[in-house]
Amino acid sequence: TDRAWSVRLPKLLDDDTPVRLHGLNSAFLSDELDAKANLVLTQFQLHRLCIPEDHVEIVMCHHPSSWLLDGNEIDDRYQRYAHLVLTGHEHQSRCFNQGPGLRVCAGAVHPARREPNWQPSYNVIRISVESTAEKRTLVIDVETRNWHKTKLVFVAAPWTGPQGRHVHRQDLPPARLAQSQTVPNNHSVAPVTTSPTMMPDKSPTTENLAFAAGRRKLIVHFFRLAIILRYQVVMSVALYDESDDALEGHARWAKVFERAEQSKKLSALWTAVASMDNSLAGEPNPFTPGT
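This text gives an overview of the structure that appears in the document. What you see is a predicted model, and the numbers here were worked out from it, not measured in a lab.

## A closer look at the pairing of strand 10 (residues 166-172)
Then, in step 1: The side-chain alternation of strand 10 yields one buried face, formed by His 166, His 168, Gln 170 and Leu 172, and one unburied face, formed by Val 167, Arg 169 and Asp 171.
Then, in step 2: Bridging between strand 8 (residues 136-147) and strand 10 involves seven bridges; their strand directions are antiparallel. Counted as the bridge partner of Val 142 is His 166 from strand 10.

So, in structure tokens, the structure goes:
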């Protein structure tokens, strides 16, 4: 799916603290060159990562924030709300504290041998809570294993120290309520999905996949337009509102696409973008009128 999602895991931590896992899609607008100008998350993907609750928040995103056009804004959100951020792409294992939280940059279990510093690796992450009458502490234990070229086995990464682990500790606020009062005994919690329209995902039918592919292509070509042309496009199909001026950067355009989907103007928006983008000339509009 091309949408961000958020799910509360069924298994609770030691003192019944719930864990919420966020999946963010940094490849939504990427191409084979991974140009920074095309790599964005936008604020709508962070919809659920903005509510201070009694959860441990874990974020997974393919690209590190330094690769993203809106990376500074993403970093600010991570540092304020995320306890653990997992990223990939760079194929170089690293683990470091940033702000109060922890960043884990995954390696690759099977990287391409032509890559510089080729070294397969993986991480084992253990999360627990130490709780006393005075304080609660989140403990994140990261065990990183790297492939040893001569021994031909996975061994502890050299930067993890004599214990072979990186252990991160972070103070948690006192629990407001005993989780046993708010979480069912079977710990069965329905996933929560988020999208620009904040609607739950449908089952992946052929029709849904075609719709998602068309929307992705529309967004890609929209962002390839110069800023002045974007304004012309959205105004020509009456998708711009004066309240959008209060939004910054890609949050403004995310609001436009949310409005287009809610008002069933994706078809009209495609036509308007195609009139400004010659590479769409002759391509069929993937949206039927009124969608």
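## Observations concerning helix 3 (residues 227-236)
Then, in step 1: All of the buried residues along helix 3 are Arg 230, Val 233 and Val 234. Buried positions in helix 3, seen along its axis, are confined to an arc of 90 degrees and lie on one side of it. Structural note: helix 3 exposes Ile 228, Met 235 and Ser 236 on the side pointing more than 90 degrees away from its buried face.
Then, in step 2: Looking one or two residues past helix 3, Ala 238 carries a phi angle of roughly 55 degrees, positive in sign.

## Concerning the pattern of salt bridges
Opposite charge on two side chains lets them pair, provided their charged atoms get close.
Then, in step 1: Applying the stated criterion to the full structure yields 13 salt bridges.
Then, in step 2: A salt bridge links Glu 57 to Arg 20; its shortest N-O distance comes to 2.7 Å. Note that Glu 57 is positioned in strand 3 (residues 56-61) and Arg 20 in strand 2 (residues 19-24), a separation of 37 residues in sequence. For the pair Glu 57 and Arg 20, one class covers both residues: buried.
Then, in step 3: For Glu 258, the salt bridge goes to Lys 255, with nearest N and O atoms at 3.8 Å. Taken together, the residues span about one helical turn, with Glu 258 and Lys 255 both in helix 4 (residues 250-262) at a distance of three residues.
Then, in step 4: Of the residues examined, Glu 258 reaches a relative accessible area of 18% and is grouped as buried.
Then, in step 5: The network of salt bridges with shared partners includes Arg 126, Asp 141, Glu 143, Arg 145 and Arg 165.

## Notes on unusual backbone geometry
Then, in step 1: The phi angle at Asp 16 is positive, at roughly 70 degrees, despite the residue not being glycine.
Then, in step 2: Mapped onto the fold, Asp 16 is located in the loop between strand 1 (5-8) and strand 2.
Then, in step 3: Of note, Leu 152 is a non-glycine position whose phi angle comes to about 60 degrees, a positive value.
Then, in step 4: Topologically, Leu 152 is positioned in the loop between strand 8 and strand 9 (154-156).

Here is what the cut-offs are and how they apply
Residues numbered from 1 in each chain as written. Predicted model: local features only at pLDDT ≥ 70, side-chain atom pairs only at ≥ 80, totals over all residues. Heavy atoms only, no water. Buried < 20%, exposed > 50% of the residue type's maximum accessible area, 1.4 Å probe, protein only. Helix = DSSP H or I, 4+ residues; strand = E, 2+ residues; numbered from the N terminus. Pairing = 2+ DSSP bridges. Arc of directions from axis to C-beta. Salt bridge = Lys/Arg side-chain N within 4 Å of Asp/Glu carboxyl O.

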